[in-house]
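Understanding the architecture of this molecule
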Amino acid sequence: MLHYAPVDEDWMYPNVGEDDCAGGVAGGSHIPTTPHEQAWMFYLPRTCAHCTYPACLAACPRKAIYKREEDGIVLIDQSRCKGYGECVRACPYKKSMYNTYTRTSEKCIGCYPAVEQGIQPQCVVNCIGKIRVMGFINPPAKARADNPIDFLVHKKQIALPYYPQLGLEPNIYYIPPIHADREYLHQMFGPQVDGAIERYRDLERDPVAAGLLCLMGSTDRIMHRFKVERGKAIGYDDKGAELVQVPVTEPVIERAAFDAKLGAIRNNTP
Ligand code: SF4
Ligand code: SF4
């Protein structure tokens, strides 16, 4: 498999070059009404996908990498790692890095100390866009409609693994961007991307899916079940205790632009 294996100086930047523009636009041009025809971009926050079949694990001659049975998190045992860098070369997602200071390889630890306490990883909890959710997925045949991850991946099929053709079964799923170049998205997510985008566009007619999206970022606890009823989305922990309730439609409050009492102009930042 060909990809960029960072040299020592780049160890902290395993994805160097991936954020670069593919081309320029003519000086003085503007973004037209359909931007994706001329220019498009999207962010893809990428962490280790804690693959079902991790290439990093298979490549390690020291057997320093293991996948935990209880939660599927893939870890590098720092005491066994001798820094050969085979995992860095093998991971097609470039998620293992060779640290030239410690002389060992490192990667995302899935925030396992938090997960063991029923808390979602920091990158999920801290996402200010509230676009992330972490949970446990079932095999397709055992998918439950009230499990948040099963719902997004198996039932609704709006969240897809990226580069599934690499065969590692990555356990990070993305709701694909709707305005990016379709050919590019096909390459990244496979042909299922067309249906996923169509269903995502239709979400306003699906209060259950819309409710689940509202639950994302609403609690730092891992949600094992959810339900949507009477305009409220409710998340539950593994014991069935309620974690959080959010309205599916945020109330809209209109206020005058000028606050006479404080003598200040208001803005619409919530
Ligand atoms: S994304 Fe890369 S580093 Fe993470 S488990 Fe998969 S192969 Fe290993
Ligand atoms: S915050 Fe935790 S789960 Fe997220 S990338 Fe970092 S180690 Fe991995």
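You'll find the structure just up there.
Summary of the structure given here. (Residues numbered from 1 in each chain as written. Chains lettered and ligands numbered in written order. Predicted model: local features only at pLDDT ≥ 70, side-chain atom pairs only at ≥ 80, totals over all residues.)

1. Side note on the site of ligand 1
- Taken together, 14 residues lie around ligand 1, and C48, C51, P54, C56 and C91 are the ones closest in.
- Looking at the shell around ligand 1 residue by residue, the classes come out as 10 nonpolar, two polar and two charged. (Near = placed C-beta within 6 Å. Nonpolar A, V, L, I, M, F, W, Y, C, P; charged D, E, K, R; others polar.)

2. Here's the deal with the nonpolar core
- One finds L152, A159, L160, V193, L212 and L215 to be the most contacted residues of the largest nonpolar core, which totals 27 residues.
- Breaking this core down by element, the ones donating at least two residues are helix 6 (148-155), helix 7 (182-189), helix 8 (193-201), helix 9 (207-215) and strand 7 (225-229).
- Filtering out sequence-adjacent residues up to four positions away, V193 remains in contact with L160, P176, L185 and H186.
- Residues C51, A55, A64 and C91 belong to the second largest nonpolar core, which totals 22 residues. (Core = buried A, V, L, I, M, F, W, Y, C linked by C-beta atoms within 7 Å. Buried ≥ 20, exposed ≤ 12 C-beta atoms within 10 Å, placed from the backbone. Helix = DSSP H or I, 4+ residues; strand = E, 2+ residues; numbered from the N terminus. Contact = placed C-beta atoms within 7 Å.)

3. Re the site of ligand 2
- Surrounding ligand 2, one finds T47, C108, I109, G110, C111, P121, Q122 and C123.
- Its residues assigned to classes, the shell around ligand 2 comprises five nonpolar, three polar and no charged.

4. So, the sheet that holds strand 8 (residues 232-236)
- Read across the open sheet, the three strands follow the order 7-8-9; overall the sheet is antiparallel. Each having just a single partner strand, strand 7 and strand 9 (242-247) make up the two edges of the open sheet. With strand direction ignored, the average angle separating the axes of adjacent strands in the sheet is 15°.
- Here five bridges tie strand 8 to strand 9, and the two strands are oriented antiparallel to one another. If you follow Y236 over to strand 9, its bridge partner there is E242. (Pairing = 2+ DSSP bridges. Axes fitted to C-alpha atoms, helices over the stretch in contact; angles between N-to-C directions.)

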